[in-house]
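# Structural overview
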Amino acid sequence: ELLIEYKKFILFLQNQLEKGNYNYIQNINFKNYIFDELENNDNFKEIGILYNYFGEIILEIGNYEISIIFLEKALIINQKNYEKNLKEVSITLTNIGNYYLIKGDYKKSLNLLRESEKINGKLYFINFQEFPKTMLLMGLLYKVCGNYNESIVYFQKLDNIENTL
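Residues numbered from 1 in each chain as written. Predicted model: local features only at pLDDT ≥ 70, side-chain atom pairs only at ≥ 80, totals over all residues. Heavy atoms only, no water.

## Observations regarding the packing of aromatic side chains
Both the distance between ring centres and the angle between the ring planes are used here to describe each pair of aromatic rings. Note the cut-off: By convention, a stacked pair of Phe, Tyr or Trp rings (six-membered ring in the case of Trp) has centres within 6.5 Å and planes under 30 degrees apart, an edge-to-face pair has planes over 60 apart, and any other such pair is tilted. Secondary structure elements follow DSSP: runs of H or I of four or more residues count as helices, runs of E of two or more count as strands, with numbering from the N terminus. Exposure categories follow from relative accessible area, calculated using a 1.4 Å probe and restricted to protein chains: below 20% of the type maximum is buried, above 50% is exposed, and the middle band is partly exposed.
Under the criterion given, the structure shown has six aromatic pairs. For the pair Tyr51 and Phe70, a centre-to-centre distance of 5.5 Å together with 75 degrees between the ring planes defines the contact as edge-to-face. One end of the pair, Tyr51, is in helix H3 (residues 44-60); the other, Phe70, is in helix H4 (residues 64-78), and 19 residues separate them in sequence. For the pair Tyr51 and Phe70, a shared accessibility class is recorded, and that class is buried. Considering the side-chain rings of Tyr142 and Tyr154, the 5.6 Å spacing of their centres and the 15 degrees angle between planes classify their relative orientation as stacked. A residue pair is termed long-range when its members are at least 10 positions apart, and Tyr142 in helix H7 (residues 130-144) and Tyr154 in helix H8 (residues 148-164) qualify at twelve residues. Note on Tyr154: relative accessible area 6%, which makes it buried. Ring pairing ties together the aromatic residues Phe9, Phe12, Tyr51, Phe54 and Phe70, which thus form one cluster.

See the structure below:
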């Protein structure tokens, strides 16, 4: 099944990232991995998660324009059943917020990260791995924008989270 192949491919890509094989990953034509028929699959939650992973990996290697395609598709899919997919929505919002931070659209990044933070606050014990990433990005965003006091607030939140883990 295509879904199983997706999962195997993502594990392979994560392994390549850990090994530092960025050149190999950069040569992959990720547009070939967008399958509209998957989005109508009964396992749409898994499809949203997989698209988010693809988007995050592609963002990490610097292929921003392809990354945002996967991340936006993931968000649309994850929002189909919003209440059941809060964790996935939050993770995807954080990744899209990171994309806009990198691209310099700080206002859009801030809105997305705030929305993710709000969801993360509800899911703290379920989503404890993603919450620090959101806090880090918020701190960096405020620092880049010159709001050092707010930046410190988020870095302190991050420090508090790390001290409780």
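## Some points on H4
To keep it simple, the criterion reads: Multiplying one less than the number of residues by 1.5 Å gives the expected span of a helix.
Between the first and last C-alpha of H4 there are 21 Å, a value that for 15 residues agrees with the 21 Å anticipated at 1.5 Å per step. All of the buried residues in H4 are Ile66, Ser67, Ile68, Phe70, Leu71, Ala74, Leu75, Ile77 and Asn78.

## What to know about helix H6 (residues 106-122)
Compared with an ideal rise of 1.5 Å per residue, which puts 17 residues at 24 Å, H6 spans 24 Å between its outermost C-alpha atoms and is within 8% of the ideal. Among the residues of H6, Ser109, Leu110, Leu112, Leu113, Ser116, Glu117, Ile119 and Asn120 are the ones counted as buried.

## Comments concerning the nonpolar core
The following threshold applies: To form a nonpolar core, buried Ala, Val, Leu, Ile, Met, Phe, Trp, Tyr and Cys residues must be joined to one another through side-chain atoms within 4.5 Å.
Leu13, Ile25, Phe30, Tyr51, Phe54 and Phe70 are the most contacted members of the largest nonpolar core, which totals 19 residues. With six residues, the single largest contributor to this core is H3.

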